[in-house]
Amino acid sequence: MKIIIINGPNLNLLGQREPEIYGSLSFDTFIKGLKRKYTSTDIQYFQSNIEGELINKLQEVGFSYDGIILNAAAYTHTSIGIGDAVKAITTPVIEVHISNTFSRESFRHQSFISPNAKGVIIGFGLKSYELALQSFL
Ligand code: DQA
């Protein structure tokens, strides 16, 4: 099974960025642990701060991979382009968020991803990614 985690803007700063919201573990350390635990799954990772690069990656993997775990971060709430890309591809997408976006500012309550996602996992810290992975398995 081939899965990719795609992270959007500022998620390269996990571990340093607002640790009271996002925790103190870097994504690098987290994904190493995930790969060690799920050795029979091919887990790829891509992060970009640039909207178009996220769309390019969705198009690149979205007709051949078995699953996409997408945290589009702030673009979740603004990007019709990423929402359209999720709709255009055939690989199922699970939308994840580390924090509970519904307990935060109201502008985080809207998602352009959710209507076309297979499912949404929100608010379980980095565990959100593992829960998404387990749902594909
Ligand atoms: C986030 C929530 C978004 O609102 C925010 O812009 C992020 C991270 C999360 O994982 O909790 O950058 O997607």
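The sections below set out a description of the structure shown in this document. (Residues numbered from 1 in each chain as written. Predicted model: local features only at pLDDT ≥ 70, side-chain atom pairs only at ≥ 80, totals over all residues. Heavy atoms only, no water.)

## Comments concerning the sheet that holds strand E3 (residues 67-71)
Part 1: Read across the open sheet, the five strands follow the order E2-E1-E3-E4-E5; overall the sheet is parallel. A strand with exactly one partner marks an edge of an open sheet, and here the two such strands are strand E2 (42-47) and strand E5 (119-122). Between one strand and the next, the sheet's axes are offset by a mean angle of 20 degrees, whatever the strand orientation.
Part 2: Relative to strand E4 (residues 93-97), E3 runs parallel, the two being bridged by three bridges. Within the sheet, the bridge partner assigned to Leu-70 lies in E4 and is Glu-95.
Part 3: Set on the sheet, helix H3 (residues 51-61) makes contact with strand E1 (2-7), E2 and E3; between it and E1 the angle comes to about 170 degrees. (Pairing = 2+ DSSP bridges. Helix = DSSP H or I, 4+ residues; strand = E, 2+ residues; numbered from the N terminus. Axes fitted to C-alpha atoms, helices over the stretch in contact; angles between N-to-C directions. Contact = heavy atoms within 4.5 Å.)

## Regarding the environment of Asn-49
Part 1: Note that Asn-49 resides in the loop between E2 and H3.
Part 2: For the pair Asn-49 and Gly-8, spaced 41 residues apart in the sequence, the C-alpha separation amounts to 5.6 Å.
Part 3: Sequence-distant contacts of Asn-49, defined by excluding residues within four places in its chain, comprise Gly-8, Pro-9, Asn-10, Asn-12 and Tyr-75.

## Some remarks on the nonpolar core
Part 1: Judged by nonpolar contacts, the single largest core of 22 residues is most densely connected at Ile-5, Phe-27, Ile-69 and Tyr-129.
Part 2: Secondary-structure elements contributing two or more residues to this core are E1, helix H2 (27-37), E4 and helix H5 (127-136).
Part 3: Excluding residues that lie within four positions of it along the chain, Ile-5 makes contacts with Phe-27, Ile-31, Leu-34, Ile-43, Gln-44, Tyr-45, Phe-46, Ile-69 and Tyr-129.
Part 4: Formed by 18 residues, the second largest nonpolar core is a distinct cluster that contains Ile-4, Leu-70, Tyr-75 and Ile-113. (Core = buried A, V, L, I, M, F, W, Y, C linked by side-chain atoms within 4.5 Å. Buried < 20%, exposed > 50% of the residue type's maximum accessible area, 1.4 Å probe, protein only.)

## Describing the environment of Thr-29
Part 1: Looking at the secondary structure, you find Thr-29 in helix H2.
Part 2: Sequence-wise, Thr-29 and Gly-15 are 14 residues apart; in three dimensions their C-alpha atoms are separated by 9.5 Å.

## Some thoughts on the packing of aromatic side chains
Part 1: With the rule as written, the count across this model stands at four aromatic pairs.
Part 2: Ring plane angle 55 degrees and centroid distance 5.9 Å describe the contact between Phe-30 and Tyr-129, whose orientation is recorded as tilted. Residue Phe-30 is located in helix H2, and its partner Tyr-129 is located in helix H5; the two are separated by 99 residues in the primary sequence.
Part 3: Residue Phe-30 is classed as buried on the basis of its relative accessible area, which comes to 12%.
Part 4: Relative accessible area serves as the criterion here: at 0%, Tyr-129 is assigned to the buried category.
Part 5: In textbook terms, an aromatic cluster arises when at least three aromatic residues are bridged by ring pairs, as seen for Phe-27, Phe-30, Tyr-45 and Tyr-129.
Part 6: In this arrangement the basic side chain of Lys-57 is found over the ring face of Phe-46, its NZ or CZ atom lying 4.9 Å from the centre. (Phe/Tyr/Trp six-rings, centres within 6.5 Å; stacked < 30°, edge-to-face > 60°. Lys NZ or Arg CZ within 6 Å of the ring centre and 35° of its normal.)

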